[in-house]
Amino acid sequence: MRRAVSVQDTAYWVAYYRALESERPDAIFNDPYARALAGEKGRSIVDEMPRAREYGWPMVVRTAVMDEIVLRLAPEVDAVLNLAAGLDARPYRLALPAALKWIDVDFAVSLDYKSQV
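Residues numbered from 1 in each chain as written. Predicted model: local features only at pLDDT ≥ 70, side-chain atom pairs only at ≥ 80, totals over all residues. Heavy atoms only, no water.

Visitor: Which residues make up the packing of helix α1 (residues 9-22) against helix α2 (residues 34-48), and what values go with them?
Guide: Between two packed helices, the angle of one axis relative to the other and the distance separating the axes together describe the packing. Two numbers describe how α1 lies on α2: the axes approach to 7 Å, and their chain directions differ by 110 degrees. Relative to α2, α1 is oriented roughly perpendicular. Taking contact as the criterion, the partners of Asp9, Tyr12, Trp13, Ala15, Tyr16, Tyr17, Arg18, Ala19 and Leu20 in α1 are, on α2, Ala34, Arg35, Leu37, Ala38, Lys41, Gly42, Arg43, Ile45 and Val46. Along the lines of polarity and charge, the residues of the contact of α1 with α2 split into 12 nonpolar, one polar and five charged. (Axes fitted to C-alpha atoms, helices over the stretch in contact; angles between N-to-C directions. Helix = DSSP H or I, 4+ residues; strand = E, 2+ residues; numbered from the N terminus. Parallel < 35°, antiparallel > 145°, perpendicular 65-115°, else oblique. Contact = heavy atoms within 4.5 Å. Nonpolar A, V, L, I, M, F, W, Y, C, P; charged D, E, K, R; others polar.)

Visitor: Would you mind going over the layout of surface pockets in detail, with residue names and values included?
Guide: Considered as a void within the structure, the largest pocket measures approximately 570 Å³ in volume. If you go around the largest pocket, you meet 28 residues; those closest to its centre are Asn82, Ala84, Ala85, Asp88 and Arg90. Mapped onto the lining of the largest pocket, the elements with two or more residues apiece are α1, α3 (56-73), β1 (79-83) and α4 (90-93). Residue composition of the lining of the largest pocket, grouped by class: 16 nonpolar, six polar and six charged. (1 Å grid on protein atoms, 1.4 Å probe; cavity = no way out; pocket = protein on both sides within 12 Å on 5 of 7 lines; lining within 4 Å. Points joined across faces, edges and corners; volume = space filled by probe spheres on them.)

Visitor: Tell me about the pairing of strand β2 (residues 101-105), and name the residues and values.
Guide: Side chains Trp102 and Asp104 of β2 all project onto a buried face; the interleaved residues Lys101, Ile103 and Val105 project onto a face where none is buried. For β1 and β2, the ladder comprises five bridges, and the chain directions are parallel. In the strand pairing of β2, Ala79 is matched with Lys101. (Buried < 20%, exposed > 50% of the residue type's maximum accessible area, 1.4 Å probe, protein only. Pairing = 2+ DSSP bridges.)

Visitor: Give me the lowdown on unusual backbone geometry, citing residues and values where you can.
Guide: The backbone of Arg51 sits at a positive phi, close to 60 degrees, despite the residue not being glycine. If you trace the backbone, Arg51 turns up in the loop between α2 and α3. Arg51 sits in the exposed class, given a relative accessible area of 56%. The phi angle at Ala84 is positive, at roughly 55 degrees, despite the residue not being glycine.

Visitor: Could you give an account of the nonpolar core, with specific residues and numbers?
Guide: Trp13, Ala15, Tyr17, Leu37, Val46, Met59 and Leu87 are the most contacted members of the largest nonpolar core, which totals 15 residues. Contributing elements (two or more residues each) for this core: α1 and α2. If one sorts the elements of this core by residue count, α1 sits on top with seven residues. The residues touching Trp13, leaving out its near neighbours within four places in the chain, are Gly42, Ile45, Val46, Met49 and Met59. Counting seven residues, the second largest nonpolar core, distinct from the first, contains Ala74, Val80, Leu94 and Leu96. (Core = buried A, V, L, I, M, F, W, Y, C linked by side-chain atoms within 4.5 Å.)

By themselves these figures say nothing about function.
See below:
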């Protein structure tokens, strides 16, 4: 029997892919928070999804490309409004300007969980 899925589950799922990439010896980025953020829920989503490991690479590329965009543009802006932020850890893991304001917008349950972790 498959478990019920919610839109917030994608945050755990993507965090788990970031954790897997970060743990590779040749990782293209490092997210030291991803494993804790993904938790057991992220691992179980990937384990239960058919062919889930095959879907990891596009998520890794997406993360790396967005990291590059954020790092390039951050010095030119005052604030980032991160819509559907999920369990994104960029403001904690990237070398961003100290004065940059980072605002995460998402479901309260996702933001509360992230701040607890």
